[in-house]
Amino acid sequence: MPIRIDNDLPVKQILEEENIFVMDENRSNSQDIRPIDILILNLMPLKEDTELQLLRSLSNTPLQVNITFVRTVSYESKHTSRDHLERFYSSFKEVRKRKWDGMIITGAPVEKMKFEDVEYWEELTKIMDWADKNVTSTLHICWGAQAGLYYHYGINKYELPKKLSGIYEHHTMHKSQELVRGFDDTFLAPHSRYTGIDAVAVRNNPDLVILADSVICGPYIIVGDAGKNIFITGHPEYDTLTLDQEYHRDLGKGIEPDIPVNYYPDDDATRPPVKSWRCHANTLYTNWLNYYVYQSTPYDWTRRVAEDK
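Before going into details, it helps to say that this report is about the structure given with it.

Procedures and definitions
Residues numbered from 1 in each chain as written. Predicted model: local features only at pLDDT ≥ 70, side-chain atom pairs only at ≥ 80, totals over all residues. Heavy atoms only, no water. 1 Å grid on protein atoms, 1.4 Å probe; cavity = no way out; pocket = protein on both sides within 12 Å on 5 of 7 lines; lining within 4 Å. Points joined across faces, edges and corners; volume = space filled by probe spheres on them. Helix = DSSP H or I, 4+ residues; strand = E, 2+ residues; numbered from the N terminus. Nonpolar A, V, L, I, M, F, W, Y, C, P; charged D, E, K, R; others polar. Buried < 20%, exposed > 50% of the residue type's maximum accessible area, 1.4 Å probe, protein only. Right-handed = clockwise from strand over helix to strand, strands pointing away. Patch = residues over 30% accessible without salt bridge, like charges linked within 9 Å, V, L, I, M, F, W, Y side chains within 5 Å. Areas by Shrake-Rupley, 256 points an atom, 1.4 Å probe, with all protein chains shown as cover. Salt bridge = Lys/Arg side-chain N within 4 Å of Asp/Glu carboxyl O. Lys, Arg positive; Asp, Glu negative; His and termini not counted. Charge placed at Lys NZ, Arg CZ, Asp CG, Glu CD. Core = buried A, V, L, I, M, F, W, Y, C linked by side-chain atoms within 4.5 Å. Contact = heavy atoms within 4.5 Å. Phe/Tyr/Trp six-rings, centres within 6.5 Å; stacked < 30°, edge-to-face > 60°. Lys NZ or Arg CZ within 6 Å of the ring centre and 35° of its normal. Polar contact = N/O pair within 3.5 Å; in protein donor to acceptor, adjacent residues only side chain to side chain. Axes fitted to C-alpha atoms, helices over the stretch in contact; angles between N-to-C directions. Parallel < 35°, antiparallel > 145°, perpendicular 65-115°, else oblique. Expected span 1.5 Å × (residues − 1).

1. As for empty space enclosed by the protein
Here's step 1: Inspection of every chain in the model, using the stated rule, returns 2 cavities of 30 Å³ or more.
Here's step 2: Around the largest cavity sit Phe183, Phe187, Leu188, Ala189, Tyr220, Pro236, Trp277, His280, Ala281 and Leu284, which together line it.
Here's step 3: Looking at the lining of the largest cavity, the elements that each hand over two or more residues are strand E9 (186–197) and helix H10 (278–294).
Here's step 4: Counted by class, the lining of the largest cavity contains 9 nonpolar, 1 polar and no charged residues.
Here's step 5: What lines the second largest cavity is Leu39, Leu41, Val70, Phe92, Val95, Met103, Ile127 and Trp130.
Here's step 6: Those elements that provide at least two residues to the lining of the second largest cavity are strand E3 (36–41), helix H5 (92–95) and helix H6 (121–134).
Here's step 7: Each residue belonging to the lining of the second largest cavity can be placed in one class, and the counts come to 8 nonpolar, no polar and no charged.

Structure representation (structure tokens):
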């Protein structure tokens, strides 16, 4: 089944050209089916790039998925047009009056800052509090995962000696858990960050379970409160060229970054990178949508009024 997005969303044409089944609002409204409704709180600066990445990932499921993008109002993006935000994004005030099946909180390029110093931190904490009562399962990605672990469980982050960038090997744990159903014993996943999390504190917290980790990157998939909150410390949604774009962006800024690990053939940045993580990324999103959202949400959930307006 398809993802359902706004008829005029610019990335819709790209998705259709890639043979991804996209359903517009008109066709969606004519079908007698219980779709699942997903909020995406997009904190990334290049919002259209992130829209495309996440929609690709969420499309590989037999479920019909209705997508609503959410933006912060306490901070206005400098890299996405006001017209795009006003046309295709809702504010938290506009979505908080009802229940939602699932929510995704993306990463953001603010990881070197203290959480409380981030301009929209207070707004984000209100959203996370609300989601605990009104969203079946919330998936947190990269900095969003660090923010959620810190706010919900008091897990601190720390600055790494240098940027973690590349495609790293991970090991599957607790293989009976539904989120990693279908995973191989080892798999690859992208990371792009300057900070890490306190792995000891994660392991010592009885409400958190690590389902996959990496010798180099630390915990990768963490489930909190039996799936109410899920944390992904990397970027499974990244496209083939995302790390390449980040690498050349940093070169242009004079940062002299290391070449992303295990990304370019023979570490030659003049050669096209190889995508080696898509199958497990798709499985991760499909498992989340099915087992932690669709199978756990009552049929009439979305008709109910939110508990905390």
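2. Quick notes on the pairing of strand E4 (residues 65–71)
Here's step 1: Of all 7 residues that make up E4, 6 are buried, and the element is covered over most of its length.
Here's step 2: Remark: the E3/helix H3 (residues 47–58)/E4 crossover connection has right-handed handedness.

3. Section: a negative patch on the surface
Here's step 1: Residues Asp129, Asp132, Asp207 and Asp225 make up a contiguous surface patch of negative charge.
Here's step 2: Relative to the helices and strands, Asp207 is located in the loop between helix H8 (199–204) and strand E10 (208–214).

4. Re the pattern of salt bridges
Here's step 1: Enumeration over the complete set of coordinates arrives at 12 salt bridges.
Here's step 2: For the salt bridge of Arg82 with Glu86, the shortest nitrogen-to-oxygen distance reads 3.9 Å. Taken together, the residues span about one helical turn, with Arg82 and Glu86 both in helix H4 (residues 82–88) at a distance of 4 residues.
Here's step 3: Relative accessible area serves as the criterion here: at 52%, Glu86 is assigned to the exposed category.
Here's step 4: With a closest N to O distance of 3.7 Å, Lys126 and Glu122 form a salt bridge.

5. With respect to the nonpolar core
Here's step 1: Counting residues in each nonpolar core, the largest one holds 37 residues, and the members touching the most others are Leu179, Ile221 and Trp288.
Here's step 2: Among the elements that line this core, the one with the most residues is H10, at 7 residues.
Here's step 3: For Trp288, the residues in contact, after removing those within four places along its chain, are Ile38, Leu58, Gly102, Met103, Ile104, Ser137, Leu139, Leu179, Ile230 and Val293.
Here's step 4: Among the nonpolar cores identified, the runner-up in size contains 24 residues, and Val70, Tyr120, Ala131 and Val135 belong to it.

6. Overview of the packing of aromatic side chains
Here's step 1: Evaluated as defined, the whole model comprises 15 aromatic pairs.
Here's step 2: Between Phe183 and Phe187, the ring centres sit 5.0 Å apart and the planes meet at 80°, which makes this aromatic pair edge-to-face.
Here's step 3: The structure contains a cluster of three or more aromatic residues connected by ring pairs, namely Tyr75, Phe115, Tyr120, Trp121, Trp143, Tyr150 and Tyr151.
Here's step 4: Just above the ring of Trp100 sits the side chain of Arg98; from NZ or CZ to the centre is 3.8 Å.

7. Here we look at the side chain of Thr106
Here's step 1: With respect to the secondary-structure elements, Thr106 resides in the loop between strand E6 (100–105) and H6.
Here's step 2: When its relative accessible area of 3% is taken as the criterion, Thr106 is described as buried.
Here's step 3: In this structure the side chain of Thr106 is engaged in a polar contact, spanning 2.8 Å, whose partner is the backbone nitrogen of Leu43.
Here's step 4: What Thr106 contacts, discounting residues up to four positions off in sequence, is Ile40, Leu41, Asn42, Leu43, Met44, Thr50, Leu54, Ile141 and Gly144.

8. Digging into the packing of H3 against H10
Here's step 1: The geometry of H3 relative to H10 is characterised by a closest axis approach of 8 Å and an angle of 75° between their N-to-C directions. What the angle tells us is that H3 and H10 run roughly perpendicular. Mapping the contact onto sequence places Leu54, Arg56, Ser57 and Leu58 in H3 and Arg278, Asn282, Tyr285, Trp288 and Leu289 in H10.
Here's step 2: Of the residues assigned to the contact of H3 with H10, the class counts are 5 nonpolar, 2 polar and 2 charged.

9. Considering helix H7 (residues 143–153)
Here's step 1: With 8 of 11 residues buried, H7 is to be regarded as a mostly interior element.
Here's step 2: Turning to H7, its buried residues are Trp143, Gly144, Ala145, Gln146, Ala147, Gly148, Leu149 and Tyr153.
Here's step 3: Gly154 lies just past H7 and shows a positive phi near 70°.

10. Here's the deal with H3
Here's step 1: With 12 residues, H3 extends 16 Å between its outermost C-alpha atoms, agreeing within 8% with the 16 Å of an ideal straight helix rising 1.5 Å per residue.
Here's step 2: A large share of H3 lies buried, amounting to 10 of its 12 residues.
Here's step 3: Of all the residues in H3, the buried ones are Lys47, Thr50, Glu51, Leu52, Gln53, Leu54, Leu55, Arg56, Ser57 and Leu58.

11. Comments concerning the environment of Asp250
Here's step 1: Positionally, Asp250 belongs in helix H9 (residues 242–252).
Here's step 2: Setting aside residues up to four positions removed in sequence, Asp250 forms contacts with Lys163, Tyr194, Ile255, Glu256 and Pro257.

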